[in-house]
Amino acid sequence: MISSKNRPGPRISTSHTIFIVSAVQFLAPFMMSAVGVALPTIGRFYGASAVSLALVEMIYMLAVTLFLLPVGRLADITGRKKVFVSGVALFALATILLPFSPSIGILITIRFFQGIGVSCTVSTSVAILSSVVPKEKRGKAMGIIVACVYLGLSAGPTLAGTMISWLGWQWIFFSSVPLAMAALILTLTRLKGEWKGAEGEAFDWVGSLIYMAALSCLIVGGSRLKSDAWAPDLMTAGMVCMAGFAFFEYRHPSPILDIRLLLGNRVLAFSNIATGINYAASFGLTFFFSLYLQVVKGMSAQTAGFVLVVQPIIQALLSPLSGTLSDKMSPAKLSTAGMVICAAGLGVAAFLGQDAETRQVLVVLIIMGLGFAAFSTPNMTTVMGSVGSRHYGIAASLVATMRSIGMLTAMTITTFLLSMFMGDAEVSTATAPGFLKTMHTAFIIFALLSLVGIIFSMARVKQTPGPELKH
């Protein structure tokens, strides 16, 4: 719903909106993948421990995941543009400050605030896009946005490696500021009006705190399963808190997560379940293939990077086409087909042995790129088309949260399997048989997960479009 006193006029440009959203959707994954490559250099610069370096990435992902749902709800109440602008400004400020951090502890702290800024932009940008772009063009616009996400993922390692070699790791952050500032300036000068889907409703502070505590316990517990005896207890506490959160939200008159909406909207609920499962099934592929190519196949890190970049490049190239197709056919059916392709790719990956050729790895990456391109954009279009405008913010933040939870689930499964088959041993040529057994088991589990996701995705296809779906 557009606030009547701030109803935007014809000055709103669809192209400007797409550029603004594309910029922030590029920067969020770029900042994660680029910093990941820079961690060894940052560690030497600060003399940081391995645990501190792990926190540099973990704290960023934690902040993004924790704040997506609360911020999405806050944006529906106070205004999506207002929260978006605040997020871009916070992201830009944190990004400017990061290279000047006097210690690794300060850098980790600023990374947390950078993650909060990203959560503000990710949870609102797609909702703003859905409010501005006409429904008949929304699929194409979503395709461009998803392509920018994959461009960020693929450009991160390549650009970061170049900047580290020639300019220094600090330029990873310096180079991101102009794009963020351009998005901020365009938002303030070109994107007129405001969007408040739930204006006047109360914000659920108690539910937000329960949710953040539950998710923190699950994430921290899952990441420490291999090393700490208390990790399972922490995960159990997180699951109990999450169940309590669901019960609390069901009874709350103004929840951050509308449980009744999920229970009454099968398309929204099943689309989000499919999102979480698909990311849980697919996110571990890059981790395993990176080690497989370098340790088992003996490739250099640079060569392995050139091989692995094939998947995100295919996703970036084909996502706009997938978005255009979703404007002309059922996006739910198209995204289901994408999940089937991903499951096939994971099934093929489960049979790669020590003597597999590079072209076989490329085949898997190409299949996964095709599958994800067919899944991501139509799935997002399905989600945003399944709700009315008052729920755009919560729908966008919910699907982003499910992506993050899916990725964290993949990390947890991977860590558990590595602990089971390899214990504390390092991944090396000597331990390659144990690593291969871990990789094969993981891909079998991931393929089975994909089959479960396909079932949920097919179930939503059977939903008869109702008033909200036609909105």
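Residues numbered from 1 in each chain as written. Predicted model: local features only at pLDDT ≥ 70, side-chain atom pairs only at ≥ 80, totals over all residues. Heavy atoms only, no water.

Under an unreviewed UniProt entry, the name given to the protein chain is MFS transporter, and the source organism is Desulfobacter latus. According to the UniProt record, the Subcellular location (unreviewed entry) comment for the protein chain is "Membrane". (UniProt positions renumbered as here; feature names shortened; annotations may be inferred.)

Enquirer: Even after reading the chapter, I still don't get the overall build of the protein chain, so can you show me in this structure?
Expert: In terms of helices and strands, the protein chain carries 18 helices and 0 strands. The globule rule puts the C-alpha radius of gyration for 471 residues at 23 Å, and the 21 Å found for the protein chain is close to it. In terms of overall dimensions, the protein chain has a C-alpha envelope of 70 × 55 × 45 Å along the principal axes. In the protein chain, which comprises 471 residues, the share counted as buried stands at 56%. When the accessible area of the protein chain is evaluated, it comes to approximately 19200 Å², of which 70% is carbon and sulfur surface. Each charge class in the protein chain can be summarised by its mean position, and for the 31 positive and 17 negative side chains these summaries are 10 Å apart. (Helix = DSSP H or I, 4+ residues; strand = E, 2+ residues; numbered from the N terminus. Rg over C-alpha atoms; globule rule 2.2 N^0.38 Å. Buried < 20%, exposed > 50% of the residue type's maximum accessible area, 1.4 Å probe, protein only. Areas by Shrake-Rupley, 256 points an atom, 1.4 Å probe, with all protein chains shown as cover. Lys, Arg positive; Asp, Glu negative; His and termini not counted. Charge placed at Lys NZ, Arg CZ, Asp CG, Glu CD.)

Enquirer: Quick question: what am I supposed to make of the nonpolar core here?
Expert: Soluble globular proteins: nonpolar side chains tend toward being buried together. Formed by 86 residues in total, the largest nonpolar core has its most connected members in Ile104, Leu129 and Met384. Residue contributions to this core peak at 16 residues, all from helix α2 (residues 50-78). Of the residues that make up this core, three or more belong to each of domain 1 (12-193) and domain 2 (257-465). Setting aside chain neighbours within four positions, we find leucine 129 in contact with Thr17, Ile18, Val21, Ala141, Met142 and Ile145. (Core = buried A, V, L, I, M, F, W, Y, C linked by side-chain atoms within 4.5 Å. Domains from an automatic or database assignment. Contact = heavy atoms within 4.5 Å.)

Enquirer: Would you mind showing me how to read the domain arrangement of the protein chain here?
Expert: Reports of interface size often rely on the accessible area that becomes lost once the parts have come together. Assigned domains within the protein chain: domain 1 (12-193) and domain 2 (257-465). Using only C-alpha atoms to locate each centre, domain 1 and domain 2 end up separated by 22 Å. Listed as interface residues are 27 residues of domain 1 and, on the opposing side, 34 residues of domain 2. Contact between domain 1 and domain 2 buries roughly 2500 Å² in total, counting both sides, with carbon and sulfur atoms accounting for 69%. It is Met61, Leu69 and Tyr150 in domain 1 that bury the most area against domain 2; as a group they hold 24% of the surface buried on that side. (Buried area = accessible area lost by both parts, 1.4 Å probe.)

Enquirer: Just to check I follow, could you spell out the confidence of the model for the protein chain for this structure?
Expert: For any part of a model where pLDDT is low, the fine detail of the predicted coordinates should not be relied upon. This prediction gives the protein chain a mean pLDDT of 81; 91% of its residues lie at or above 70. Counting contacts from residues 1-11, a segment whose pLDDT is below 50, to residues more than four positions away or on other chains yields 19 contacts. Confidence over residues 464-471 falls short of pLDDT 50; this stretch has 20 contacts with residues more than four positions distant or in other chains. (pLDDT = per-residue confidence, 0-100.)

Enquirer: Would you mind showing me how to read the pattern of salt bridges here?
Expert: Pairs can form between side chains of opposite charge once their charged atoms are near each other. Within this structure, the stated rule accounts for 2 salt bridges. Between aspartate 76 and arginine 80 there is a salt bridge, with the nearest N and O atoms lying 2.9 Å from each other. Accessibility classification places aspartate 76 together with arginine 80 in one group, the buried group. With its nearest N and O atoms 2.7 Å apart, the salt bridge here joins arginine 359 to glutamate 357. (Salt bridge = Lys/Arg side-chain N within 4 Å of Asp/Glu carboxyl O.)

Enquirer: What's the story with helix α11 (residues 266-282) in this structure? I'm lost.
Expert: Turn by turn, an α-helix covers 3.6 residues, leaving residues three or four places apart pointing in a common direction. With 17 residues, α11 ought to run about 24 Å at 1.5 Å a step, and its terminal C-alpha atoms sit 24 Å apart, in line with that. The buried count for α11 comes to 15 of 17 residues, which makes it a mostly enclosed element. (Expected span 1.5 Å × (residues − 1).)

Enquirer: What am I meant to see in a nonpolar patch on the surface here?
Expert: Together, Trp166, Leu167 and Trp171 make up a nonpolar patch on the protein surface, roughly 420 Å² of accessible area in all. With a relative accessible area of 39%, tryptophan 171 lands in the partly exposed category. (Patch = residues over 30% accessible without salt bridge, like charges linked within 9 Å, V, L, I, M, F, W, Y side chains within 5 Å.)

Enquirer: Whenever I open this one, the packing of aromatic side chains confuses me. Can you help?
Expert: Two measures describe an aromatic ring pair: the distance that separates the ring centres and the angle between the ring planes. Evaluation of the coordinates by the stated rule reveals 19 aromatic pairs. Judged by centre distance (6.1 Å) and plane angle (85 degrees), the rings of phenylalanine 112 and phenylalanine 113 are edge-to-face. On the numbers, 5.7 Å between centres and 85 degrees between planes, the contact of phenylalanine 289 with phenylalanine 443 is edge-to-face. Placement of the pair is phenylalanine 289 in helix α12 (residues 284-296) and phenylalanine 443 in helix α18 (residues 432-461), with a sequence separation of 154 residues. By relative accessible area, phenylalanine 289 is classed as buried at 0%. (Phe/Tyr/Trp six-rings, centres within 6.5 Å; stacked < 30°, edge-to-face > 60°.)

Enquirer: Quick question: what am I supposed to make of helix α4 (residues 104-132) here?
Expert: For α4, which comprises 29 residues, the first-to-last C-alpha distance of 41 Å matches the rise-based estimate of 42 Å (1.5 Å per residue) to within 8%. Burial runs high along α4: 23 of the 29 residues are buried.

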